[in-house]
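These are the residues of each chain, in order.
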Amino acid sequence: MEVTGSTYFGDYVHGRIEGKGRYTLPTETKYNGTMKDGMFHGKGTLYFPNRSKYEGIWDCGISKEGKYTFADGLEFKDKKWHYCDGYDRRFYTEICSGLKPAGISQLTNLDPPRTIPQGCYDCGDGFYNPNTRVVIDYKLRFLRNAGVTTEEVAAALIQIALKLQ
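In this report, we go over the structure that sits alongside the text. (Residues numbered from 1 in each chain as written. Predicted model: local features only at pLDDT ≥ 70, side-chain atom pairs only at ≥ 80, totals over all residues. Heavy atoms only, no water.)

1. With respect to the pairing of strand E1 (residues 7-13)
Part 1: The pairing of E1 with strand E2 (residues 16-24) spans six bridges and is antiparallel. Along E2, the bridge assignment pairs Tyr 8 with Tyr 23.
Part 2: Following E1, the chain reverses through two residues before pairing antiparallel with E2; His 14 in that reversal takes a positive phi of roughly 55°. (Pairing = 2+ DSSP bridges. Helix = DSSP H or I, 4+ residues; strand = E, 2+ residues; numbered from the N terminus.)

The following block contains the structure:
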């Protein structure tokens with residue numbers, strides 16, 4: 001596991017990961033549940049760095065059924081999904097807490113929204129700085145050097161922001 005950057009705390013059987021445990025991937029995604037022969041097996045939950053989670057039943061590392069819950073508590077449904085459809089474009093926090101008064105727009109599902117550093121743009125997984133062409137995460141740590149796709153996203157966000165003014 002040292003080679004992959006993963007860590008495991010839990011049960012072993014004959015030197016193999018098996019039983020209840022906590023497995024942390026290098027991406028900071030964490031699995032808490034049962035393992036068999038080094039794989040997710042039985043009931044377990046994946047906790048993602050963005051505070052969302054996937055609770056599932058696993059069979060030899062493959063999810064057989066489960067439920068994905070977004071960080072704000074919204075549960076994904078693959079059938080009859082009524083969130084943010086063509087008829088109702090409210091954010092989930094607006095559905096739960098009500099709309100803002102006239103003249104106060106809610107531009108993201110976060111309320112209050114995160115503070116974006118001066119001259120940067122929120123690109124979904126962090127902040128993009130067009131001067132340095134670097135993306136930092138929401139804790140202001142280096143995430144990656146910007147590629148063409150990030151710049152295209154930033155340019156599109158600029159265009160949208162200009163239209164909103």
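The rest of the description comes next.
2. Examining the pairing of E2
Part 1: Direction of pairing for E2 relative to strand E3 (residues 30-36): antiparallel, over a ladder of six bridges. Directly across from Thr 24, in E3, lies its bridge partner Lys 30.
Part 2: With antiparallel pairing between neighbouring strands as the criterion, E2 and E3 make up a hairpin whose turn holds five residues, including Glu 28 at a positive phi of roughly 75°.

3. Some remarks on the sheet that holds strand E4 (residues 39-47)
Part 1: Taken in spatial order, the six strands line up as E1-E2-E3-E4-E5-E6 in an open sheet, and their pairing is antiparallel. At either end of the open sheet lies a strand with only one pairing partner, and these are E1 and strand E6 (62-69). Direction aside, neighbouring strands of the sheet carry axes that sit 10° apart on average.
Part 2: The pairing of E3 with E4 spans six bridges and is antiparallel. Across the sheet, the residue bridging to Asn 32 is Thr 45, located in E4. (Axes fitted to C-alpha atoms, helices over the stretch in contact; angles between N-to-C directions.)

4. Remarks on the packing of aromatic side chains
Aromatic rings in a pair are described by how distant their centres are and how their planes are angled relative to each other.
Part 1: As enumerated under the stated definition, the model contains nine aromatic pairs in all.
Part 2: With centroids separated by 5.4 Å and ring planes inclined at 85°, the aromatic side chains of Tyr 8 and Tyr 12 adopt a geometry described as edge-to-face.
Part 3: Here Phe 40 and Trp 58 contribute two aromatic rings whose centre-to-centre distance is 5.1 Å and whose plane-to-plane angle is 80°, an arrangement assigned as edge-to-face. Separated by 18 residues along the polypeptide, Phe 40 in strand E4 and Trp 58 in strand E5 (residues 53-59) bring together distant segments of the chain.
Part 4: We classify Phe 40 as buried; its relative accessible area is 16%.
Part 5: Through pairs of rings, three or more aromatic residues link up here, namely Tyr 23, Tyr 31, Phe 40, Tyr 54 and Trp 58.
Part 6: Positioned above the aromatic ring of Tyr 138, the side-chain terminus of Arg 114 is 3.5 Å from the ring centre. (Phe/Tyr/Trp six-rings, centres within 6.5 Å; stacked < 30°, edge-to-face > 60°. Buried < 20%, exposed > 50% of the residue type's maximum accessible area, 1.4 Å probe, protein only. Lys NZ or Arg CZ within 6 Å of the ring centre and 35° of its normal.)

5. Describing the sheet that holds strand E10 (residues 142-145)
Part 1: Here we have four strands laid out as an open sheet, ordered E7-E8-E9-E10, and antiparallel in their pairing. Two strands lie at the open edges of the sheet, namely strand E7 (121-122) and E10, each paired on one side alone.
Part 2: Note that E7 and strand E8 (residues 127-129) share two bridges and pair antiparallel. By the bridge assignment for E8, Tyr 121 is matched with Tyr 128.

6. Quick word on the pattern of salt bridges
Part 1: Summed over the entire model, instances satisfying the criterion amount to seven salt bridges.
Part 2: With its nearest N and O atoms 3.3 Å apart, the salt bridge here joins Glu 75 to Lys 67.
Part 3: Looking at Glu 75, the relative accessible area reads 36%, which means it is partly exposed.
Part 4: In this structure Lys 67 comes out as partly exposed when scored by relative accessible area, which is 32%.
Part 5: Within this structure, Lys 53, Glu 55, Lys 67 and Glu 75 form a network of salt bridges that share partners. (Salt bridge = Lys/Arg side-chain N within 4 Å of Asp/Glu carboxyl O.)

7. Details of the nonpolar core
Part 1: The biggest cluster of nonpolar side chains holds nine residues, and these are Tyr 8, Ile 17, Tyr 23, Tyr 31, Met 35, Phe 40, Leu 46, Tyr 54 and Trp 58.
Part 2: Elements represented by at least two residues in this core include exactly E2, E3, E4 and E5.
Part 3: Filtering out sequence-adjacent residues up to four positions away, Trp 58 remains in contact with Tyr 31, Phe 40, His 41, Gly 42, Lys 43, Gly 44, Leu 46 and Ser 63. (Core = buried A, V, L, I, M, F, W, Y, C linked by side-chain atoms within 4.5 Å. Contact = heavy atoms within 4.5 Å.)

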